[in-house]
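Observations on the model geometry
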Amino acid sequence: MRPSPKFLSRNFENPAALRLEGYVASGGTQGLRKALGMNPQEIIDLVKAANLRGRGGAGFPAAMKWGFLGKTQGPKYLCVNADEGEPATVKDGPLMERDPHQLLEGIAIACRALDIHQAYIYIRGEFRTAIARVESAVQEWYAAGHLGKGGGGLFGSGFALEVAVHPGAGAYICGEETGLLSSLEGKKGFPKLKPPFPALKGLYGAPTIVNNVETLSCVPHILTLGADAWNALGTEKNGGTKMYNVCGHVLKPGCRELPHDVTLRELIFEVGGGLAPGRSLKAVVPGGSSSPVLLPHEIDVRMDFDSVAKAGSMLGSAGVIVMDDRTSMVRALDNLLHFYSHESCGQCTPCREGTRWLYRISQRIVAGEGKVGDLDRMLDICGNMVGNTICVLADAAAMPTESYIRKFRGEFEAYIRGGKRLGLLDGAAIEAVSHA
Amino acid sequence: MSWTLSPEMRDRFDKIVARYPEGRSQSAVIPLLHLVQEASGGSLTEAQQRAVAEYLGIPMSKVHEVTTFYSMYSLKPRGRRHLLVCRTLPCALCGCAAVSAAVRERLGVAEGEVTPDGAFSWEEVECLNHCDLGPVLQVGEEVYGGLDAAKVSALIETWSKEER
Amino acid sequence: MPKLTIDSRETNVPDGTNLIEAARTLGVEIPHFCYHPGLSVAGNCRMCLVEIEKVPRLQVACNTTATEGMVVRTDSEKVRKARAGVMEFLLLNHPIDCPICDCAGECRLQDYYMEHDGKASRLEEPKNRKAKAQPIGPHVMLDKERCILCSRCVRFTDEVTRTHELGIFGRGSVEEIGLAPGTSLDNAYSGCVVDLCPVGALTDRDFRFVSRPWFLKSTDTVCAGCATGCSIVLDTNTKPYNRIGSDRAVRITPRLNPAVNGHWMCDRGRYSHKEVDRGRLRRAKAHGAEVSPEQGFASLVREIRDAMRAAPGRAAFLLSPGLSNESLWALRRLARLLGAGAPSGGVDLGPRGEGDDLLMSAELSPNVRGAADLGLGKPGRDLLEAAARGAYDCLVVVGAPVEEPLARELAGKLRVFAGFYAVETPALEHYPWLFPLSLWAEEDGTFTNAKGRVQRLRKALEPLAGARPAWAWARAWAQELGLEPGPGSAEALFAAMAAETVGYAGLDYAALGDLGASTGAAGR
């Protein structure tokens, strides 16, 4: 494992950086100043050359998304997706709480590149501290004249930019980019029909780019380091460092910045401190709860978007959930199915009814009244959901369902045949799990 | 029961609406409802929703859709401290069941109910994304991690003392 | 005008056409719930998913615009599986209320189940329970369990009436359609949400448990409630054993007419079917005493003939803008034949009511414009006052409202004061001569609406015993006197009328079809 350079997290132990002058003293705003001297297309080309992949979950190349932005004489918007909600994901919260000015700098560069003059930072409502600190940072930029009218624009460049913080109110679906836009418009977080895509018709019907907090926080570093250095920190087509959170059954859970070529094994056993004494690895989810589960023999995979995809899962939001041999996969899936059915917005038929049905069947299995046919039925239900919905929350529910059942079929069947609770979900086991 | 917008609250409303483009004041409905809920002991009445609707010039149906969709709004009374106990997988793997059980036992009320002195209420919520600290409990702005039954007890004891 | 291929057949459609409408041009009906051409696109039911070449995922037809060269399949294996999946999800928590649900027989869930599903339920867990049988307004009943959350009703109250009574509250599979707190669904078009609801979640309180739809006969006709003349379907009972009571006409629903009412109609018109069977005039009077209509009529004709011989020109006809063009024209002809003065169409006499800027006209008579176009615009008030002053010996009122004190006065002063009416009112007590008329549901003919559109009435029921259309009375009158009776059918009357009326010359009765046609006459 390579040494861990600190770019995104360099100010995490530096409370002085919460103030703009402390941020500047730590080296901040260099990237923005450089960007203000470039022409917009140059900035976009640089981000493209740096292979910055969207860090909200999809891993879509950020510069390609920027390239889709519609041309218009009217307003365009940048919406920052700070609705961190994917279970196991911890990165955007710390980035906002500990280095809010870094995010603002990334926002400013992006807006400059895209000729956008209004940005909204949509922060999930429960992130009270992040909201307060980002709000405070925004106020400092306004006070210094970098934002707003009449202050000479960003660092005296004349580029006018308005930034506002907008809180969510508790809905995972608002992390879906068009669900976020609906919520920003003051409605329920119902994702919008696509096409048209937000880049053409987004917030208030205007061309809009939605970017994740971490994605934008990378941008100042791409400007200061240059594409080559940024790429060198990562792997082919996956440039830069990445924030990873390791949690679950590890001794040193936490969110850390690492080069993009760290392996899952390294994350679990070196960075995450490994398992509790006497325990062995049973399953690990690499990219937030929606990503397909991986087995112990599949963990020698580099944690970049393309490698994890090739391994049959997804890097997603890089939230690693480690499950040791105490874990009941049946109970684990049941826990997640409650999550998805609770968070389904309910707008479209397959997800609204399908997530609830999957959970109901899972509950019946957990209660000891399952039948072997239930497993194939759950897979069939997933098949009727995926591809037929307005957004991918249905897929997010289907992927764990399909992967847990397929990879732990024996355990599920044993649980069903056994008719009683085998194994528990949390730390204290009452019975050993036995696999037929 | 009706509820009127105080001049001071109206002033705060105006400042928030100003963040959005002309004609897009509906966007402010979420932050406005947060303001009202916080100022009213943690829950919202029908009259308050109506006042926000009238201020924004949008139908009551649209405000009520918002308050019934998003988890943070409550249309039933909440305690002065409302405990959020995370129950999603990473916290579950770390023992959140014990946290819920301890909360339920120490407070003596079920999820969604308020203690007789109005001091506490609690509910299980989905991922709060502090999975590095699991299991997690949040009250207001404060997030508490690495909990077990004993730590939960201690926290509730401290809060109960502050209440008196 | 893109050309595209749907199920291996080509079609050309206007720019901006969605695939549901494009498929319709080929006679292909893509199943759907939430799509409605009169409302914004929601795309939430997912029933209209279709396969488009070169597009990996199925797409909803309602939100996909036809483009040049697009190749669509609505019947592939993938589409069939998706549809069956959607049907299963919709039926999962849907209560099988069919035996007690008014929507049975006109329910999309039922129809699509038979066409696209047909499988038994796989649900082994309890269904979601929600509130049932909740009256949410004077005319509408809500069953939250039956609702499939298509949002048509919400979009209607947001976009068409802009009254915003309805919303979808909550989140996920427990979300519910409901009233915004503090509201009632009492706007003037509330009944339209029942038409819109593809299932039995929203039902009409007026029609609740009245009849199964398959016992009803449906007739395409025109509403007679005001001068707008919305296109409607009138449902009448065909089975004497159908437990409806004595009403023959049991329901009115709107019919699509892009030139008049679009997809909608108001509640005032919708519930006007009750007047077809209640409060009707079912008797005749001659010389103040009850007689059979035929005998009394012969007496009337003789009495007026004698009066006009004694004093020519002292008879007048007061007509009503509730009469069809055919009746108005036939009576105008009769008046001329008898040597009476030009009739008044009574357009000033009302009744009047509430009007709005959607569909409701303040003019509550359906043929005010027709009466004006036929030259009958002279105020009825003038004619009544003249009669009270003694200008006439005989006054024949056909359908026009006369206040009770005036009716009593005229009955005392005139030699013959006769009334032809469809509906009983207290004033009729004072008429010495009284004869029953049929009304709009019992006649063929035409009305001309306020905007000059001529639309056909279609006869759905036989007139009540002894009653006839006003034109039939006019014809019988001429026959009784040995005069040329004139055309004997609505079609023939229309042809005769159109030939000599400004603006109607090019119109053909048969060609008026279901949607009518505009006159060339400028409005007066």
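The shown structure was predicted, so the numbers you read here are calculated from the model rather than taken from an experiment.

1. Focus: the overall build of chain B
For chain B, the helix and strand inventory stands at seven helices and four strands. Taking the principal axes of its C-alpha atoms as reference, chain B extends roughly 50 × 35 × 25 Å. Counting over 164 residues, chain B shows a buried share of 55%. Within chain B, counting contacts between residues at least 6 apart in sequence, those at least 24 apart form 60% of the total. Counting every atom, chain B has about 7200 Å² of accessible surface; 50% of that belongs to carbon and sulfur. Distance from the positive charge centre (17 side chains) to the negative charge centre (22 side chains) of chain B: 1 Å.

2. A look at the pattern of salt bridges
By the definition in use, this model includes 77 salt bridges over all chains. For the salt bridge of Arg122 of chain C with Asp380 of chain A, the shortest nitrogen-to-oxygen distance reads 2.8 Å. Pair noted here: Arg122 of chain C is in the loop between helix H3 (108-116) and strand S6 (134-135) and Asp380 of chain A is in helix H15 (residues 373-385), and the two residues belong to different chains. We classify Arg122 of chain C as partly exposed; its relative accessible area is 23%. Glu462 of chain C serves as the salt-bridge partner of Lys459 of chain C, at 3.3 Å between the closest nitrogen and oxygen. Residue Lys459 of chain C is classed as partly exposed on the basis of its relative accessible area of 35%. Members of the salt-bridge network, linked through shared partners, are Asp97, Arg129, Lys132, Asp143, Glu145 and Arg146 of chain C.

3. So, empty space enclosed by the protein
Under the counting rule described, the total for this entry stands at seven cavities of 30 Å³ or more. The wall of the largest cavity is formed by 14 residues, among which Glu353 of chain A together with Asn93, Lys130, Glu145 and Cys147 of chain C lie closest to the centre. Breaking the lining of the largest cavity down by element, the ones donating at least two residues are helix H14 (349-369) of chain A together with helix H2 (77-92) of chain C. In terms of residue class, the lining of the largest cavity is built from five nonpolar, four polar and five charged.

4. A closer look at the side chain of Thr235 of chain A
Residue and element names in this part refer to chain A. Mapped onto the secondary structure, Thr235 falls in the loop between helix H10 (227-232) and strand S5 (241-248). Here Thr235 falls in the buried class, since its relative accessible area comes to 7%. Looking at Thr235, its side chain comes within polar contact range of the side chain of Asp304, at 2.7 Å. The residues contacting Thr235, other than those within four sequence positions of it, are His260, Asp261, Arg302 and Asp304.

5. Comments concerning the confidence of the model for chain B
For chain B, the average pLDDT comes to 96, and 99% of its residues sit at 70 or higher. For this predicted complex, the interface score ipTM comes out at 0.97, alongside a pTM of 0.95.

6. Thoughts on the sheet that holds strand S10 (residues 202-204) of chain C
Strand order in the open sheet made by the three strands is S6-S7-S10 (chain C), with antiparallel pairing throughout. On the outer flanks of this sheet lie S6 and S10 of chain C, each paired with one strand and no other.

7. Quick notes on the interface of chain A and chain C
Size of an interface: often given as the accessible area lost when the parts come together. Taken residue by residue, the interface counts 38 residues in chain A and 35 residues in chain C. Between chain A and chain C, roughly 3100 Å² of surface is buried when both sides are summed, and carbon and sulfur atoms account for 45% of that area. If you look at where chain A meets chain C, you find six salt bridges. Counting the contacts that link chain A with chain C gives 24 residue pairs in polar contact (both at pLDDT 80 or more). Of all elements in the fold, only helix H13 (329-343), H14 and H15 of chain A reach the threshold of two or more residues within the side of chain A that touches chain C. Sort the elements by how many residues they give to the side of chain A that touches chain C and H14 of chain A lands first, with ten residues. Split into classes, the residues belonging to the side of chain A that touches chain C amount to 14 nonpolar, twelve polar and twelve charged.

8. Topic: unusual backbone geometry
Residue Pro135 of chain B is bonded to the preceding Gly134 of chain B through a cis peptide linkage, with omega at -5°. You can see Pro135 of chain B is positioned in the loop between strand S2 (120-125) and strand S3 (137-139). The linkage connecting Gly350 of chain C with the following residue, Pro351 of chain C, adopts the cis geometry, with an omega of 5°. Mapped onto the fold, Pro351 of chain C is located in the loop between helix H9 (325-338) and helix H10 (368-373).

9. Notes on the environment of Val72 of chain C
Residue and element names in this part refer to chain C. By the element assignment, Val72 lies in strand S5 (residues 71-73). You can call Val72 buried: its relative accessible area is 2%. Taking the C-alpha atoms as reference, Val72 lies 39 Å from Cys266; in sequence the two are 194 residues apart.

10. Quick notes on the nonpolar core
Ranked by size, the top nonpolar core spans 159 residues in total, and within it Ile107, Ile121, Ile123, Met323 and Tyr404 of chain A together with Tyr70 of chain B carry the most contacts. Sorting elements by how many residues they give to this core places helix H6 (residues 100-114) of chain A first, with nine residues. When sequence neighbours within four positions are dropped, the list of residues in contact with Ile121 of chain A reads Val80, Ala82, Leu103, Leu104, Ile107, Val134, Val163, Ala164, Val165 and His166 of chain A. Membership of the second largest hydrophobic core comes to 113 residues, among which are Cys153, Val398, Ala470 and Tyr509 of chain C.

11. Let's talk about the side chain of Arg364 of chain A
Tracing the backbone through its elements, the reader meets Arg364 of chain A in helix H14. Excluding residues that lie within four positions of it along the chain, Arg364 of chain A makes contacts with Glu369, Gly370, Lys371 and Asp374 of chain A together with Glu124 and Glu125 of chain C.

12. Points about the interface of chain A and chain B
Contacts between chain A and chain B engage 61 residues on the former and 37 residues on the latter. Taken over both partners, the interface formed by chain A and chain B buries close to 3900 Å², and the fraction arising from carbon and sulfur atoms is 57%. Broken down residue by residue, the surface that chain A buries against chain B is led by Arg128, Ala169 and Tyr204 of chain A, which jointly contribute 17%. On inspection of chain A and its partner chain B, the count reaches three salt bridges. Residues Glu135 of chain A and Arg19 of chain B are paired through a salt bridge, measuring 3.3 Å at the closest nitrogen-oxygen approach. Where chain A touches chain B, the interface holds 23 residue pairs in polar contact (both at pLDDT 80 or more). In terms of residues, the side of chain A that touches chain B owes the most to one element, H13 of chain A, which gives seven residues. The residue inventory of the side of chain A that touches chain B, partitioned by class, reads 29 nonpolar, 20 polar and twelve charged.

Definitions and limits used
Residues numbered from 1 in each chain as written. Chains lettered and ligands numbered in written order. Predicted model: local features only at pLDDT ≥ 70, side-chain atom pairs only at ≥ 80, totals over all residues. Heavy atoms only, no water. Helix = DSSP H or I, 4+ residues; strand = E, 2+ residues; numbered from the N terminus. Buried < 20%, exposed > 50% of the residue type's maximum accessible area, 1.4 Å probe, protein only. Contact = heavy atoms within 4.5 Å. Areas by Shrake-Rupley, 256 points an atom, 1.4 Å probe, with all protein chains shown as cover. Lys, Arg positive; Asp, Glu negative; His and termini not counted. Charge placed at Lys NZ, Arg CZ, Asp CG, Glu CD. Salt bridge = Lys/Arg side-chain N within 4 Å of Asp/Glu carboxyl O. 1 Å grid on protein atoms, 1.4 Å probe; cavity = no way out; pocket = protein on both sides within 12 Å on 5 of 7 lines; lining within 4 Å. Points joined across faces, edges and corners; volume = space filled by probe spheres on them. Nonpolar A, V, L, I, M, F, W, Y, C, P; charged D, E, K, R; others polar. Polar contact = N/O pair within 3.5 Å; in protein donor to acceptor, adjacent residues only side chain to side chain. pLDDT = per-residue confidence, 0-100. Pairing = 2+ DSSP bridges. Buried area = accessible area lost by both parts, 1.4 Å probe. Core = buried A, V, L, I, M, F, W, Y, C linked by side-chain atoms within 4.5 Å.

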